[in-house]
Each structure stands twice: as C-alpha cells, then as structure tokens.
Amino acid sequence: MSSTFDQIADIIAETCDIPRDTIKPESHAIDDLGIDSLDFLDIAFAIDKAFGIKMPLEKWTQEVNDGKATTEQYFVLKNLADRIDELVAAKNAGTGTGS
Amino acid sequence: MQLDYFQLIDRIIDLNIGERTIRVEAQVPETHTIFEGHFPGFPIMPGVLLTEAMAQSCGWLLLGIMKFERMPFLAIVKEAKMRGFVSPGQLLTIDAKVEHEGSGYAVTKAKARVGKELKCSAEITFGLTPFPDPAFRVHIDAMANKIGFPLQAMTHE
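Let me sum up the structure you'll find in this document. Please read all numbers here as calculations on a predicted model, not as lab measurements.

**Things to note about the overall build of chain B**
- Tallying secondary structure elements over chain B gives three helices and six strands in all.
- Its C-alpha radius of gyration of 15 Å places chain B within 12% of the 15 Å reference for a compact globule of 157 residues.
- Referenced to the eigenvectors of the C-alpha coordinate spread, the extents of chain B come out at roughly 45 × 30 × 25 Å.
- Sorting the 157 residues of chain B into buried and exposed places 50% on the buried side.

Here it is as structure tokens:
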C-alpha cells in the first residue's frame, strides 16, 4: 500500500466525514464512497496542496466523456494514487503535467 | 450597490493579475427595504449579502485572470466570519486574492473592511466553466464596463 494512498484516504476521511477504515485502495470514490462533484472539489484542493500538483481533472473528465478512459482509471483510489505519483514525478522532473 | 439586481460591487480600485489580487469598493445604500426587516430599528447588512459581495469580488478577479473566457460559479464558502456590523451608508472595501488555481476550479480568499476595520472574511471556491450562453457573456462585459474593469490589466500579466 502506497503512502500516497494513505494520504488520499486521510484527506477523503477528513473532507467527507467518511470513516477512515472504510476507505480501501479498491474503493471507487464515486460509486463506493458516494463522493459527489462538490466534495471532490474540496478533495482536489487538499490533494493539490498536499502534493504540490495540479490534478488535471478537466482533462480526465473529458477523457471519460469521450470514452477514452474509464472512471476506474482515475477514481479507484489505488489508481488515483498512481496518477498522483505520476504527476509528482513529472513535476520533479520539470516536465509539467499538461492540464 | 444595486441590491435589487444583486450587483454588489460598485467599482474596481485595483486589479493585479500577476499578483492574483483585486480591491473593490461597494457602497451600502442608505435606505432599502431589506433594512426594514433586517432589522426593525437596527438596520444592518445581512451576512449572506456580505458573503455575496466577497464572492463577487473574487469572481471579478477570476474573470480577469481567465480573460473573460470562462465564468466562475460559486461552489463552496468556508470560514465565513461576520466580525462586525455593517450599517446602511457605509463604504465597504473588499480585498481578494487567489489561494489556488486548480483544474476547473479556483480557491480564493476575501476580506471586507469599513475604513480600517475588518468586517468579514471568507474562503470561497468557484467552479470555472465556459459561458453557458453568449448573451450572458455580453451582460458580464457590460457589467465589467460599468464597474470600471481595467481591461488593460489583463495584458500586463
């Protein structure tokens, strides 16, 4: 289990008042945890701040709407953690994230 | 301040796109039916209107940053603190800044003062979306002109 996941889970638990022990790496933020778009704004702000990144939510949403990606790729928490790790790595490499 | 039209900001005093800050003024009217009910014998500006005034200040700042290509819609108000009464006839000076620019959203902070006295503050989050209707954009342009939006500020980022 990545530390990134733990940080995300802590943020979700605090932001959405969801018991921390119910948040699993396999949890889908929308389908399993019931997080709506407004709460996700709050979560995105907390994640952006915690990791010093800018999650490309609009790009992800567009990809899902265009059928080029599934919500699972971005909103299952272990996958979200991977995406965040990629964004942090890109930032540290100075390549940007392309939001 | 045209309360009947929910236009709370009268003029932009300073807009600094590079610093992500704005200062505006909002003149509370001497008389209005709102004050007859809020409250009889003790007229004060309702906190929701002070919050709206702060939100509109942040909104103009975001419009400038986005070069009027998107519209900020109020999404979240946090830590809204009403620190002192605001009475009819008082002049509000509102300072706002951007705290974070996310993808499709922005987090701002605002403080409103009468003179040097801090009256209220809040952290306000907006969703940023394309204008839903061309006529709406025309209306916003007209409003911007009316309150003296410094269009040149957008070219000096």
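**Focus on the layout of surface pockets**
- The computed volume of the largest pocket comes to approximately 540 Å³.
- Lining the largest pocket are 26 residues; nearest its centre among them are Ser37, Leu41, Leu57 and Thr61 of chain A together with Ser103 of chain B.
- Here the lining of the largest pocket is built from residues that sort into 14 nonpolar, nine polar and three charged.
- Considering the residues around the second largest pocket, the lining is formed by 18 residues, among which Glu52, Gln56, Trp60, Met71 and Ile140 of chain B are closest to the centre.
- No other element matches the six residues that helix α2 (residues 47–65) of chain B contributes to the lining of the second largest pocket.
- For the lining of the second largest pocket, the class distribution of residues is 13 nonpolar, four polar and one charged.

**Notes on the pairing of strand β1 (residues 11–16) of chain B**
Residue and element names in this part refer to chain B.
- Where β1 and strand β2 (residues 21–27) come together, five bridges link them in antiparallel fashion. Note that in β2 the partner of Ile12 across the bridge is Val24.
- In textbook terms, the turn of a hairpin is the stretch between consecutive antiparallel strands, and for β1 and β2 this stretch comprises four residues, one of which, Arg20, has a positive phi near 60°.

**Observations concerning the interface of chain B and chain A**
- Taken together, the contacts link 15 residues of chain B with twelve residues of chain A.
- Interface area, chain B with chain A, both sides summed: about 1000 Å², of which 60% is carbon and sulfur.
- Across the contact surface, chain B and chain A share two salt bridges.
- Between Arg70 of chain B and Glu58 of chain A there is a salt bridge; the shortest N-O distance is 2.7 Å.
- Linking chain B with chain A are nine residue pairs in polar contact (both at pLDDT 80 or more).
- Looking at the side of chain B that touches chain A, the elements with two or more residues in it are β3 (70–82), β4 (91–101), β5 (105–114) and β6 (117–130) of chain B.
- The dominant element in the side of chain B that touches chain A, judged by the number of residues it contributes, is β3 of chain B, at four residues.

**Digging into the sheet that holds β2 of chain B**
All names here are of chain B.
- A sheet is described by the order of its strands in space; here six strands give the open sequence β1-β2-β4-β5-β6-β3, paired in antiparallel fashion. Each edge of the open sheet carries a strand with a single partner, namely β1 and β3. If you compare each strand with its neighbour and ignore which way they point, the axes differ by 25° on average.
- In the packing of α2 onto the sheet, contacts are made with β1, β2, β3, β4, β5 and β6, and the angle to β6 comes to roughly 50°.

**Thoughts on the nonpolar core**
- Trp60, Leu92 and Ile94 of chain B are the most contacted members of the largest nonpolar core, which totals 49 residues.
- Listing elements by their share of this core, those giving two or more residues are β1, β2, α2, β4, β5, β6 and α3 (134–146) of chain B.
- When sequence neighbours within four positions are dropped, the list of residues in contact with Ile94 of chain B reads Ile9, Ile22, Arg23, Val24, Ala53, Met54, Ser57, Ala110, Lys111 and Ala112 of chain B.
- Counting residues in each nonpolar core, the second largest holds 35 residues, with Ile23, Leu41, Ile47 and Leu77 of chain A among its members.

**Thoughts on α2 of chain B**
Residues and elements named next belong to chain B.
- An ideal rise of 1.5 Å per residue puts 27 Å on 19 residues; α2 measures up with 27 Å between its terminal C-alpha atoms.
- The buried fraction of α2 amounts to 17 of the 19 residues, a majority that puts the element mostly inside the structure.
- At the C-terminal side of α2, Lys67 shows a positive phi close to 55°.

**A short note on the packing of helix α2 (residues 37–51) of chain A against helix α5 (residues 77–93) of chain A**
Residue and element names in this part refer to chain A.
- One way to put it is that α2 packs onto α5 with a least axis distance of 11 Å and a crossing angle of 40°. When the axis of α2 is compared with that of α5, the two are oblique. As for the relative orientation of α2 and α5, their crossing is right-handed in sense. Taking contact as the criterion, the partners of Phe40, Ile47 and Phe51 in α2 are, on α5, Leu80, Ile84, Val88 and Lys91.
- Here the contact of α2 with α5 is composed, by residue class, of six nonpolar, no polar and one charged.

What counts as what
Residues numbered from 1 in each chain as written. Chains lettered and ligands numbered in written order. Predicted model: local features only at pLDDT ≥ 70, side-chain atom pairs only at ≥ 80, totals over all residues. Heavy atoms only, no water. Helix = DSSP H or I, 4+ residues; strand = E, 2+ residues; numbered from the N terminus. Rg over C-alpha atoms; globule rule 2.2 N^0.38 Å. Buried < 20%, exposed > 50% of the residue type's maximum accessible area, 1.4 Å probe, protein only. 1 Å grid on protein atoms, 1.4 Å probe; cavity = no way out; pocket = protein on both sides within 12 Å on 5 of 7 lines; lining within 4 Å. Points joined across faces, edges and corners; volume = space filled by probe spheres on them. Nonpolar A, V, L, I, M, F, W, Y, C, P; charged D, E, K, R; others polar. Pairing = 2+ DSSP bridges. Contact = heavy atoms within 4.5 Å. Buried area = accessible area lost by both parts, 1.4 Å probe. Salt bridge = Lys/Arg side-chain N within 4 Å of Asp/Glu carboxyl O. Polar contact = N/O pair within 3.5 Å; in protein donor to acceptor, adjacent residues only side chain to side chain. Axes fitted to C-alpha atoms, helices over the stretch in contact; angles between N-to-C directions. Core = buried A, V, L, I, M, F, W, Y, C linked by side-chain atoms within 4.5 Å. Expected span 1.5 Å × (residues − 1). Parallel < 35°, antiparallel > 145°, perpendicular 65-115°, else oblique. Left-handed = near helix turned anticlockwise from the far one by under 90°.

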